[in-house]
Amino acid sequence: AQSVTQLGSHVSVSEGALVLLRCNYSSSVPPYLFWYVQYPNQGLQLLLKYTSAATLVKGINGFEAEFKKSETSFHLTKPSAHMSDAAEYFCAVISNSGNTPLVFGKGTRLSVIA
Amino acid sequence: DTEVTQTPKHLVMGMTNKKSLKCEQHMGHRAMYWYKQKAKKPPELMFVYSYEKLSINESVPSRFSPECPNSSLLNLHLHALQPEDSALYLCASSQDRDPEGALYTEAFFGQGTRLTVV
């Protein structure tokens, strides 16, 4: 079964610093990969997705992610953190056959320090 | 319209009550989902409807009963719940197939219903 592993349950950065949230996938065949953000007491919002087109994917709110097959990774980055970026971030996967629904990683809580 | 709307936002119910959660989308999506999310955990899939037919039931207890009256609506009927069922219940939808033929694609989520069982 497809799965993703998020390294670090909690990441803390200073305002204006680089944000790096890590995600590795388990499949030998590149799957579809996604990053979602969840603000407190809200649903999940899609940040960006990789579906075998460009390996560098740009999303909303200044986030981007790079698919690296050699490292089986899909890390999320943002050059400069804002206080409003504090939230829970989930990496998620769908198999490349698309026959199974989204499966989420355990999540990484991002804190931004003023 | 790119929203998935869930009602109610909050629900407190006793263990003998019967209640329903409702979800609506007008994006023309033909797959709809219920997820359950406990505090500090990722969402866990409960049910999937594809073209108004139940396609996935992740061994959910029968006290949770899903219903898909039409392609825009999804309900979750609750009966005789336990306190451990208290959680955020998320509805989501996705288009049926992407251009490459994948059955499941990215899902769009509602704001959730915060359920407390007392």
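Refer to the structure presented above.
Residues numbered from 1 in each chain as written. Chains lettered and ligands numbered in written order. Predicted model: local features only at pLDDT ≥ 70, side-chain atom pairs only at ≥ 80, totals over all residues. Heavy atoms only, no water.

1. Remarks on the interface of chain B and chain A
- Opposite the 23 residues of chain B that make contact, chain A presents 23 residues.
- In total, about 1,700 Å² of surface goes out of reach between chain B and chain A, with carbon and sulfur atoms giving 56% of it.
- Three residues stand out in chain B for area buried against chain A, namely Y104, E106 and F109 of chain B, and they jointly supply 29% of the buried area on that side.
- The tally of links between chain B and chain A comes to one salt bridge.
- One salt bridge connects K49 of chain A with E106 of chain B, and the closest N-O pair in it is separated by 2.6 Å.
- Among the elements of the structure, β4 (31-37), β5 (44-50) and β9 (87-94) of chain B are those that each provide at least two residues to the side of chain B that touches chain A.
- Ranked by residues supplied to the side of chain B that touches chain A, first place goes to β4 of chain B with three residues.
- Of the residues belonging to the side of chain B that touches chain A, the class tally is 14 nonpolar, four polar and five charged. (Contact = heavy atoms within 4.5 Å. Buried area = accessible area lost by both parts, 1.4 Å probe. Salt bridge = Lys/Arg side-chain N within 4 Å of Asp/Glu carboxyl O. Helix = DSSP H or I, 4+ residues; strand = E, 2+ residues; numbered from the N terminus. Nonpolar A, V, L, I, M, F, W, Y, C, P; charged D, E, K, R; others polar.)

2. Here's the deal with the layout of surface pockets
- Approximately 570 Å³ is the volume found for the largest pocket.
- Residue lining of the largest pocket: 22 residues in total, with Q38 and E88 of chain A together with A39, K40 and K41 of chain B positioned closest to the centre.
- Taken together, the residues of the lining of the largest pocket break down into seven nonpolar, eight polar and seven charged. (1 Å grid on protein atoms, 1.4 Å probe; cavity = no way out; pocket = protein on both sides within 12 Å on 5 of 7 lines; lining within 4 Å. Points joined across faces, edges and corners; volume = space filled by probe spheres on them.)

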